[in-house]
Amino acid sequence: MDATTAATFAATFAALYAGHQVGDHWVQSSCQAADKGLKGSKGRWACTRHVLGLTATKAVLLVGAVLALGLHLSALGLVLGFAVDAGTHWWADRRVTLARLARVTNKSEFMSLGTPAHQHHPVDAKGLYAPTLGTGAYALDQSFHVLFLFVAALIIAAV
């Protein structure tokens, strides 16, 4: 890999990561977040809408990086990279799939961290469950997405 490809990878990853953060937390609607793990067409459609908005957000930020930095990306690399990213994001956000992966990798206890299912869940002053975004499920979800942002950026930069 030459220095130009490495710089393209770095800029692409940064744009995809920023797009991921904005798309997953600001663009995703509360309804999509609540429903994307549901069984049936309602859950699949909510997840699909989320991934479409997320992918569009990433694309907008990547276009900005391309224009500002003069990056040269191939159409094939973009199609393949975005397909890998969107497909893996949709797969993980259906929730049952990521939970199954956590089970087979012996991460179920970590996945329940921060939820009422975990023996050491957060509590308020009255000893009642205190909801938090800092759950093991959230950490596993986000780290899974970042892994595939890395893979997508490699594909986009190298193809």
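Everything below is about the structure shown above.
Remember, it's a predicted structure, so these values are computed and weren't measured experimentally. (Residues numbered from 1 in each chain as written. Predicted model: local features only at pLDDT ≥ 70, side-chain atom pairs only at ≥ 80, totals over all residues. Heavy atoms only, no water.)

(A) Structural detail: helix α1 (residues 3–27). For α1, built from 25 residues, the straight-helix expectation of 36 Å at 1.5 Å per residue is met to within 8% by its first-to-last C-alpha distance of 34 Å. Turning to α1, its buried residues number three or more, namely Thr8, Phe9, Ala11, Thr12, Ala15, Leu16, Gly19, His20, Gly23 and Asp24. At its buried positions, α1 is contacted by α3 (40–69), α4 (75–93) and α7 (136–158). (Helix = DSSP H or I, 4+ residues; strand = E, 2+ residues; numbered from the N terminus. Expected span 1.5 Å × (residues − 1). Buried < 20%, exposed > 50% of the residue type's maximum accessible area, 1.4 Å probe, protein only. Contact = heavy atoms within 4.5 Å.)

(B) Examining the side chain of Arg94 more closely. Take Arg94: it is sitting in the loop between α4 and α5 (96–104). No salt bridge is formed by the buried Arg94, whose closest oppositely charged neighbour, Asp35, lies at an N-O distance of 9.4 Å. Engagement of the side chain of Arg94 in a polar contact is seen with the backbone oxygen of Gly43, the distance being 3.3 Å. Once you skip the residues sitting within four places of it in the chain, Arg94 turns out to touch Lys36, Gly37, Leu38, Lys39, Gly40, Gly43, Arg44 and Cys47. (Lys, Arg positive; Asp, Glu negative; His and termini not counted. Salt bridge = Lys/Arg side-chain N within 4 Å of Asp/Glu carboxyl O. Polar contact = N/O pair within 3.5 Å; in protein donor to acceptor, adjacent residues only side chain to side chain.)

(C) Summary view of the nonpolar core. Ranked by size, the top nonpolar core spans 13 residues in total, and within it Leu16, Leu62, Phe82 and Ile156 carry the most contacts. Other than its neighbours up to four places away in sequence, Leu16 contacts Lys58, Phe82, Leu149, Ala152, Ala153 and Ile156. (Core = buried A, V, L, I, M, F, W, Y, C linked by side-chain atoms within 4.5 Å.)

(D) Summary view of unusual backbone geometry. Located in the positive-phi region is Arg95, a residue other than glycine, with phi close to 70°. Structurally, Arg95 can be placed in the loop between α4 and α5. At Asn106, a residue that is not glycine, the phi angle is positive and equals roughly 60°. Within the secondary structure layout, Asn106 lies in the loop between α5 and α6 (108–112).

(E) View of the packing of α1 against α3. Taken N-terminus to C-terminus, the directions of α1 and α3 make an angle of 145°; their axes are 8 Å apart at the nearest point. For the pair α1 and α3, the sense of crossing is right-handed. The segment α1 lies against α3, with Ala11, Thr12, Ala15, Leu16, Ala18, Gly19, His20, Val22, Gly23, Asp24 and Val27 engaging His50, Gly53, Leu54, Thr57, Lys58, Leu61, Leu62, Ala65 and Leu69. In terms of residue class, the contact of α1 with α3 is made up of 11 nonpolar, seven polar and two charged. (Axes fitted to C-alpha atoms, helices over the stretch in contact; angles between N-to-C directions. Left-handed = near helix turned anticlockwise from the far one by under 90°. Nonpolar A, V, L, I, M, F, W, Y, C, P; charged D, E, K, R; others polar.)

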